[in-house]
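# Coordinate analysis (summary)
As a plain string of letters, each chain reads:
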Amino acid sequence: MPFYYYGFDWTYLVLVLPCVIFALIASARVNSTFNRYSKQMSTRRITGAEAARQVLLKNGVSGVQITRVSGNLTDHFDPRSNTIRLSDSVYDSTSTAAIGVACHEAGHAVQYANSYFPIKIRAAIIPITNIGSMLAMPLILIGLLFTSEAVTSSGFIYAGIACFGLSAVFQLITLPVEFNASRRAMNAITDSGILTTEEQKGARKTLTAAAMTYVAALAVSLAQLLRLVLLFGGKGRRND
């Protein structure tokens, strides 16, 4: 089946582009949702940093630093230094959006402290995934050059596709990690009374919007992987 028509790659249009558009919409949704609920201040006036600290205390986690990091929505937990880094718009903000984000990052710290299995797997495969993503296309291109050597050509092509597949595996493992961190965040917010029932909606909608960006990232990775299989997998079989 020809995938190129007058030099145009239809696999990208049909498979990848819709997922890319979905990812762009998800990213825009995060920003708009965060901006909306960053104007809804919590009744108790607890800051993002204070809320994160309460999540840690509730779960019996100690030794985690909470610091400020520049940027917008650059919040993350660094397991190497055991530090939660909260962005300028989250660290000392008392908004429901900021509290939701801060508690989510605290949820990641709790995951590491409790040896949550999916996050251990994700951490373990990060180096392999990084190497695989760099080698994927070079291996496929090398395989295409060895058209006269069927076995060699197929081996490089399939190895390249497999390397790219590691990124899809990483995105797949990331989903339960992120959803679990958000669930831990909302449970802590509810149990500790950090936000009122009405205010919890702002935090939950912010976290839900953020979660969709990870769903979109997985969709893009799977679409790209399928595209590589359609474009180059057949070449490997024909060379066998």
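Check the entry above for the structure.
Quick caveat: nothing in here was measured; it's all calculated off a predicted structure.

### Section: the nonpolar core
If you look at the biggest cluster of nonpolar residues, it comprises 32 residues, and the most contacted ones within it are Leu56, Ile84, Cys103, Ile189 and Ile194. Elements supplying a minimum of two residues to this core: α1 (10-37), α2 (48-58), β5 (83-87), α4 (96-113), α6 (150-192) and α7 (197-239). Here Ile189 is in contact with Ile99, Gly100, Cys103, Ile194, Leu195, Gln200 and Ala203, once residues within four sequence places are set aside. Leu139, Phe164, Leu231 and Phe232 belong to the second largest nonpolar core, which has 12 residues in total.

### Here's the deal with α1
Between the first and last C-alpha of α1 there are 40 Å, a value that for 28 residues agrees with the 40 Å anticipated at 1.5 Å per step. The principal kink in α1, of about 45°, is found at Val16, preceding the proline Pro18 by one to four residues. Buried residues of α1: Thr11, Val16, Cys19, Ala26, Val30, Thr33, Phe34 and Tyr37, and no others.

### Re the sheet that holds strand β3 (residues 65-69)
Spatially, the 3 strands line up as an open sheet ordered β3-β5-β4, and their pairing is mixed. The sheet is open, and its two borders are formed by β3 and β4 (76-78), each paired with just one other strand. Neighbour-to-neighbour, the strand axes of this sheet turn through a mean angle of 30°, independent of strand direction. Sheet topology places β4 next to β5; 3 bridges connect them, and they run antiparallel. By the bridge assignment, Phe77 is partnered in β5 with Ile84. α2 rests against β3 and β5 of the sheet, and its axis sits at about 155° to β3.

### Observations concerning the pattern of salt bridges
Under the defined criterion, the tally for this structure stands at 7 salt bridges. Lys58 is paired through a salt bridge with Asp191; the nearest N and O atoms lie 3.5 Å apart. Residue Lys58 is found in helix α2, and its partner Asp191 is found in helix α6; the two are separated by 133 residues along the sequence. By relative accessible area, Lys58 is classed as partly exposed at 42%. Between Arg68 and Asp92 there is a salt bridge, with the nearest N and O atoms lying 3.2 Å from each other.

### Some remarks on the packing of aromatic side chains
In this structure the tally under the stated criterion is 1 aromatic pair. Taking 5.5 Å as the distance between ring centres and 50° as the angle between the ring planes, the aromatic pair formed by Phe77 and Tyr112 counts as tilted. Taken together, the residues Phe77 in strand β4 and Tyr112 in helix α4 connect sequence positions 35 residues apart. By relative accessible area, which is 10% here, Phe77 ends up buried. Taking relative accessible area as the criterion, Tyr112 reaches 29% and is therefore assigned partly exposed.

Cut-offs and rules
- Residues numbered from 1 in each chain as written.
- Predicted model: local features only at pLDDT ≥ 70, side-chain atom pairs only at ≥ 80, totals over all residues.
- Heavy atoms only, no water.
- Core = buried A, V, L, I, M, F, W, Y, C linked by side-chain atoms within 4.5 Å.
- Buried < 20%, exposed > 50% of the residue type's maximum accessible area, 1.4 Å probe, protein only.
- Helix = DSSP H or I, 4+ residues; strand = E, 2+ residues; numbered from the N terminus.
- Contact = heavy atoms within 4.5 Å.
- Expected span 1.5 Å × (residues − 1).
- Bend = angle between axes of the 7 residues up to and from the residue.
- Pairing = 2+ DSSP bridges.
- Axes fitted to C-alpha atoms, helices over the stretch in contact; angles between N-to-C directions.
- Salt bridge = Lys/Arg side-chain N within 4 Å of Asp/Glu carboxyl O.
- Phe/Tyr/Trp six-rings, centres within 6.5 Å; stacked < 30°, edge-to-face > 60°.

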